[in-house]
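# Topology and contacts: notes
Okay, here's what each chain looks like letter by letter:
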Amino acid sequence: MSKDSFDQMLSASSCKQLKAGDVLVDSGDVPSKIYMLNKGVMRSYVRLENGKEVTKSLFLPIIILASFDALLNQSPSNSIYESLTDCDIFVLEYFEFKALCESNIEILGFYAKFLESLICEKDKKHIELLTMGGKARYLNLRKMIPNIDNLIPQYQIAKYLSITPVQLSRIRSKL
């Protein structure tokens, strides 16, 4: 994407700082914004009826995030988006972004590439959950985020890996 197109997107957005634990989108919210994480670590998760939290995704800079299903359908979000560390984000109204896509082919191409990468990432995580054990998923996560153990609490890592904190502790002790 050219600098002019990037600057056009940037000028349509605003900056926001989040503290660790801040909720950006809550379950039940009907979202109208997309976000680009510039600094920090965030997660999306769902809360089950029994109160258990299941982490869907971890987000690192530089990534675009939103409750896309709720955003596209203008329906309440099932997911919660929370900062795990202090974060800096850019905020852009979704319908303003869509207007930029309609008027600028480079921004539209950027959006298409982003959506393609999102589909691939979700498919990869689904395959990992179906085919890999907790230790292999943890090692993959450490490859993706080498300092993950120093960034977020161990129970958050365990939730992302779909294992218990006790299982994660056992895995870590054997490495």
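Up top you'll find the structure we're talking about.
In what follows, the accompanying structure is described. Because the structure is a prediction, the values reported are computed rather than measured.

## A short note on the overall build of the protein
Per the secondary structure count, the protein includes eight helices and eight strands. For 175 residues, the compact-globule estimate of 2.2 N^0.38 gives 16 Å, and the C-alpha radius of gyration of the protein, at 17 Å, lies within 12% of that figure. Each of the three principal axes of the protein carries a C-alpha extent, and together these read 55 × 35 × 30 Å. Each of the 175 residues in the protein was classed as buried or not, and the buried ones make up 39%. Expressed as a percentage of contacts within the protein between residues at least 6 apart in sequence, the contacts between residues at least 24 apart total 70%. A total of about 9,900 Å² of accessible surface is found on the protein, and carbon and sulfur atoms cover 55% of it.

## A few points about the packing of aromatic side chains
Here the distance between the centres and the angle between the planes together describe a pair of aromatic rings. Applying the stated criterion to the full structure yields four aromatic pairs. Consider the rings of Tyr-94 and Phe-95, whose centres lie 5.3 Å apart with planes at 70 degrees: the pair is edge-to-face. Owing to a relative accessible area of 5%, Tyr-94 belongs among the buried residues under this scheme. A centroid spacing of 5.0 Å and a plane angle of 85 degrees characterise the contact between Phe-97 and Tyr-111, whose relative ring orientation is edge-to-face. With Phe-97 in helix H3 (residues 94-103) and Tyr-111 in helix H4 (residues 105-131), this pair connects stretches of sequence that are 14 residues apart. In this structure Tyr-111 comes out as buried when scored by relative accessible area, which is 9%. The ring of Tyr-45 carries Arg-43 above its face, with NZ or CZ at 3.6 Å from the centroid.

## A look at unusual backbone geometry
Cis rather than trans, the peptide bond between Pro-61 and Ile-62 has omega equal to -15 degrees. Notably, Gln-74 is not glycine yet its phi reads approximately 50 degrees, a positive angle. The topology assignment puts Gln-74 in the loop between helix H2 (68-73) and strand S7 (80-83). With a phi close to 60 degrees, Ser-162 is a non-glycine residue in the positive phi region. In this fold, Ser-162 is placed in the loop between helix H7 (154-161) and helix H8 (165-173).

Quick notes on the rules
Residues numbered from 1 in each chain as written. Predicted model: local features only at pLDDT ≥ 70, side-chain atom pairs only at ≥ 80, totals over all residues. Heavy atoms only, no water. Helix = DSSP H or I, 4+ residues; strand = E, 2+ residues; numbered from the N terminus. Rg over C-alpha atoms; globule rule 2.2 N^0.38 Å. Buried < 20%, exposed > 50% of the residue type's maximum accessible area, 1.4 Å probe, protein only. Contact = heavy atoms within 4.5 Å. Areas by Shrake-Rupley, 256 points an atom, 1.4 Å probe, with all protein chains shown as cover. Phe/Tyr/Trp six-rings, centres within 6.5 Å; stacked < 30°, edge-to-face > 60°. Lys NZ or Arg CZ within 6 Å of the ring centre and 35° of its normal.

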